[in-house]
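Okay, here's what each chain looks like letter by letter:
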Amino acid sequence: MPRVVHFEIHAKDPARAVRFYEQVFGWSAQRWGSEEYWLLTTGPDEERGINGAILRRRGDPPAAGAPVSGCVCTVQVDDLDRYLAGATDAGGTVAMAKLAVTGVGWLAYCHDPEGNIFGVMQPDSAAT
C-alpha cells in the first residue's frame, strides 16, 4: 500500500525556517540544486520516520486562526514540555496546548515562524 515518504514545509523566508527546525529538533538541512530548496534530514535512515524539505512559499502565508488546510506532520519527542519551550524560544508559538490522547500520549500543535502548523507528540500509554 502507498506510504508517505517525504514532506515539504513552505516558507516565505526559507533560511529562517531552516534555522527554526535545526534549533528546535536538531534536524540538518542542505541546499539542493539551484532552487530555493533545502533537504531536511530528520534522523538516521535506520530509524523510523521520513525526511523532508523546506522551500519558498508560492503565495500568501496561512491566515492566523484559519482552519488547517492540508496535512499536519507530527514529530515524536521524548519530552513534550521541553520541545514546546524550545519551539517558543526559537520564535514559534503554541497553536494548541498540550492535551492527552488517551492511551497514546501527549499532543500539542505549534506554529513555526512562517505560520505553518506542526504537531509534537510524546508517547505515553498512561495518558488520560
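Residues numbered from 1 in each chain as written. Predicted model: local features only at pLDDT ≥ 70, side-chain atom pairs only at ≥ 80, totals over all residues. Heavy atoms only, no water.

Asks: Sorry if this is basic, but what is going on with the environment of K12 here?
Replies: Inspection of the secondary structure assignment puts K12 in the loop between β1 (6-11) and α1 (14-25). Judged by its relative accessible area of 61%, K12 falls in the exposed class. Residues K12 and D60 lie 48 residues apart in sequence; the distance between their C-alpha atoms is 8.5 Å. Not counting residues up to four positions away in its chain, the partners in contact with K12 are R56, R57 and E114. (Helix = DSSP H or I, 4+ residues; strand = E, 2+ residues; numbered from the N terminus. Buried < 20%, exposed > 50% of the residue type's maximum accessible area, 1.4 Å probe, protein only. Contact = heavy atoms within 4.5 Å.)

Asks: I keep staring at the side chain of Q122 and nothing clicks. Help me out?
Replies: Mapped onto the secondary structure, Q122 falls in strand β8 (residues 117-123). A polar atom in the side chain of Q122 sits 2.8 Å from the backbone nitrogen of L80. In contact with Q122, not counting residues within four places along its chain, are V77, D78, D79, L80, V104, G105 and W106. (Polar contact = N/O pair within 3.5 Å; in protein donor to acceptor, adjacent residues only side chain to side chain.)

Asks: Any chance you could explain the pattern of salt bridges here in plain terms?
Replies: For side chains bearing opposite charge, pairing can occur when the charged atoms are close. Scanning all chains against the criterion turns up five salt bridges. As a salt-bridge pair, E35 and R58 come within 4.0 Å of each other at their nearest N and O atoms. With a gap of 23 residues between them, E35 in the loop between β2 (28-31) and β3 (37-41) and R58 in the loop between β4 (51-56) and β5 (74-76) connect regions that are remote in the sequence. The closest approach of N and O atoms between R82 and D78, which form a salt bridge, is 2.8 Å. Given a relative accessible area of 44%, R82 falls into the partly exposed group. Given the relative accessible area of 57%, D78 is considered exposed. (Salt bridge = Lys/Arg side-chain N within 4 Å of Asp/Glu carboxyl O.)

Asks: Explain the sheet that holds β8 here, please?
Replies: Two strands in a sheet stick together by hydrogen bonds in their backbones, pointing the same way (parallel) or opposite ways (antiparallel). Here four strands make up an open sheet; going across it, the order is β5-β8-β7-β6 and the pairing mixed. A single partner strand is all that each edge strand has here, and the edge strands are β5 and β6 (93-101). Strand after strand, the sheet turns through a mean of 20° between neighbouring axes, direction not considered. In this sheet, β8 lies alongside strand β7 (residues 105-111) in antiparallel orientation, the contact comprising seven bridges. Directly across from Y109, in β8, lies its bridge partner G119. (Pairing = 2+ DSSP bridges. Axes fitted to C-alpha atoms, helices over the stretch in contact; angles between N-to-C directions.)

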